[in-house]
Amino acid sequence: MQLIEKAPAKINLGLDTPYHHQDGAEEWNMVMTSVDLADYVEIQTLTKHKRIRVASDSGFLPNDQRNLAYQAAHLLQTKFNVGEGVNIRIKKNIPVAAGLGGGSSDAAAVLRGLNQLWQLGLTWQELAELGLQIDSDVPYCVYGRTAHVRGRGERITPLSKLPAAWVVLAKPKVSVSTPSILQQIRYDELAHPDIDGLLRAVRDQDIEEMCAVMGNVLEPLTAHRYPEITQLKQQLMRFGADAAQMSGTGPTVFGLCSKQSRAQRVFNGMKGFCREVYLVRPLP
Ligand code: ATP
């Protein structure tokens, strides 16, 4: 049996960490949305043996147990004592180590897909809680769309759909290691964004207010190391984006536009400065 699951990229409209837990894990307070740049994950179950195989068309990805899609299959197979194997083929469209949650989204796609193929009957909340064992972004990716994310990443509250918006993604050449940025957090030095204000703006479908209150507490940490992040943000604004911000731990920055024509202009302009630029929309 087989199916293909779509695994969309995410951006962080708001990202804050108010404190860390005693075990060192961050408490998150984030507003996330999925966009229509997606990997496609083909999942085929095998009855003859219990092997898990992962293949992808990307030269940048491990195909063994380091792949988050592999970890998702292994987690369900062992937890529910499934006697079948699985072949996973990933068509990778989301840039790797970019702050767009590609690996987590692939893992979430495997959780959703195998829940169906192996008829495990798990709710999304149960899948999200399991997904937390893989990465803090996996629970959100199980749900996707627009959501408020708290806890260590497992408390997901779906939000109403965003007002009409276009997003220009610009990925500088560097790859960012998430742990290396998280290690730099000094809680007494953080400038916390107004996540409550952002939640209100999303609820009120007020894109102007959304643009005014968006913020990513980790942006100064990554931008300090990679000045191209600030430069790309400035270019996005110069070409006409209503707001520009880094996603996740970076390095991808995005410009938010309330008008399609403006977004097209930003996209065209950015292509002169950055090799990897995408014009996408939040998923409805
Ligand atoms: P994070 O969720 O940690 O912020 P990210 O969005 O910045 O991640 P990813 O593309 O998910 O970046 O990659 C993060 C790391 O995960 C990379 O080192 C990559 O090699 C590894 N990885 C494992 N499996 C995958 C996968 N299926 N797709 C992408 N990266 C993967």
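Residues numbered from 1 in each chain as written. Predicted model: local features only at pLDDT ≥ 70, side-chain atom pairs only at ≥ 80, totals over all residues. Heavy atoms only, no water.

1. So, the site of the ligand
Around the ligand, the structure places 21 residues, and the nearest of them are Leu68, Ala97, Gly99, Gly101 and Gly103. Contact between the ligand and Leu68: a nitrogen atom at 2.9 Å from a main-chain N or O atom of the residue. Between an oxygen atom of the ligand and a side-chain N or O atom of Thr178, the distance comes to 3.0 Å. Considered on its own, the ligand offers 600 Å² of accessible surface; in the complex 82% of this is hidden by protein. Taken together, the residues of the shell around the ligand sort by class into nine nonpolar, seven polar and five charged. (Near = heavy atom within 4 Å. Polar contact = N/O pair within 3.5 Å; in protein donor to acceptor, adjacent residues only side chain to side chain. Areas by Shrake-Rupley, 256 points an atom, 1.4 Å probe, with all protein chains shown as cover. Nonpolar A, V, L, I, M, F, W, Y, C, P; charged D, E, K, R; others polar.)

2. As for a negative patch on the surface
The grouping of Asp194, Asp196, Asp206, Glu208 and Glu209 at the surface amounts to a negative patch. Relative accessible area serves as the criterion here: at 70%, Glu208 is assigned to the exposed category. (Patch = residues over 30% accessible without salt bridge, like charges linked within 9 Å, V, L, I, M, F, W, Y side chains within 5 Å. Salt bridge = Lys/Arg side-chain N within 4 Å of Asp/Glu carboxyl O. Lys, Arg positive; Asp, Glu negative; His and termini not counted. Charge placed at Lys NZ, Arg CZ, Asp CG, Glu CD. Buried < 20%, exposed > 50% of the residue type's maximum accessible area, 1.4 Å probe, protein only.)

3. Looking at the environment of Asn268
Here Asn268 is to be found in helix 10 (residues 260–270). Taking the C-alpha atoms as reference points, Asn268 and Gly144, separated by 124 residues in sequence, lie 28 Å from one another. (Helix = DSSP H or I, 4+ residues; strand = E, 2+ residues; numbered from the N terminus.)

4. Topic: the UniProt feature "domain: GHMP kinase N-terminal" (unreviewed entry) in the protein
Residues annotated in UniProt with the feature "domain: GHMP kinase N-terminal" (unreviewed entry) correspond here to residues 67–145. Along residues 67–145 one finds 53% helix and 9% strand; the C-alpha atoms at either end are 24 Å apart. (UniProt positions renumbered as here; feature names shortened; annotations may be inferred.)

5. A word on the domain arrangement of the protein
Taken as a whole, the protein is organised into domain 1 (2–158) and domain 2 (166–280). At the junction of the two partners, domain 1 supplies 26 residues and domain 2 supplies 31 residues. Here domain 1 and domain 2 share an interface that buries about 2200 Å² over both sides, 69% of which is from carbon and sulfur atoms. Sorting the residues of domain 1 by area buried against domain 2 places Leu13, Leu15 and Asp16 first, and these three jointly supply 24% of that buried surface. (Domains from an automatic or database assignment. Contact = heavy atoms within 4.5 Å. Buried area = accessible area lost by both parts, 1.4 Å probe.)

6. Some details on the packing of helix 9 (residues 228–239) against helix 10
Where helix 9 meets helix 10, the closest approach of the two axes is 8 Å, and the angle between their N-to-C directions is 135°. Taken together, helix 9 and helix 10 sit at an angle that is classed as oblique. Read as a crossing pair, helix 9 and helix 10 show a hand that is right-handed. On the side of helix 9, the interface is formed by Leu232, Gln235, Leu236 and Phe239, while helix 10 contributes Arg265, Val266, Gly269 and Met270. For the contact of helix 9 with helix 10, the per-class residue count stands at five nonpolar, two polar and one charged. (Axes fitted to C-alpha atoms, helices over the stretch in contact; angles between N-to-C directions. Parallel < 35°, antiparallel > 145°, perpendicular 65-115°, else oblique. Left-handed = near helix turned anticlockwise from the far one by under 90°.)

7. Comments concerning the packing of aromatic side chains
Tallying each qualifying case throughout the model produces two aromatic pairs. Ring centres of Phe239 and Phe273 lie 5.9 Å apart, and the angle between their planes is 55°; this geometry places the pair in the tilted category. Note that Phe239 is positioned in helix 9 and Phe273 in the loop between helix 10 and strand 11 (276–280), a separation of 34 residues in sequence. You can call Phe239 partly exposed: its relative accessible area is 23%. Of the residues examined, Phe273 reaches a relative accessible area of 48% and is grouped as partly exposed. (Phe/Tyr/Trp six-rings, centres within 6.5 Å; stacked < 30°, edge-to-face > 60°.)

8. A word on the sheet that holds strand 7 (residues 166–171)
The strand order 9-10-7-11 describes an open sheet built from four strands, whose pairing is antiparallel. Edge positions in the sheet fall to strand 9 (243–246) and strand 11, since each has one partner strand and no second. Strand-to-strand, the axes of this sheet are offset by a mean angle of 20°, without reference to chain direction. Relative to strand 10 (residues 253–257), strand 9 runs antiparallel, the two being bridged by four bridges. Bridge pairing in strand 10 links Ala244 to Gly255. Packed onto the sheet, helix 10 meets strand 7, strand 10 and strand 11 and runs at close to 10° relative to strand 7. (Pairing = 2+ DSSP bridges.)

9. As for the packing of helix 1 (residues 68–79) against helix 2 (residues 102–117)
Any two packed helices are characterised by how steeply their axes cross, that is the angle between the axes, and by the distance between the axes. Between helix 1 and helix 2, the shortest axis-to-axis distance is 7 Å and the interhelical angle comes to 30°. When the interaxial angle is binned, helix 1 and helix 2 end up roughly parallel. Seen from above, helix 1 lies across helix 2 with right-handed handedness. From helix 1, Leu68, Ala69, Ala72, Ala73 and Leu76 reach across to helix 2, where they touch Gly103, Ser104, Asp106, Ala107, Val110, Leu111, Leu114 and Asn115. Among the residues making up the contact of helix 1 with helix 2, the classes are represented as nine nonpolar, three polar and one charged.

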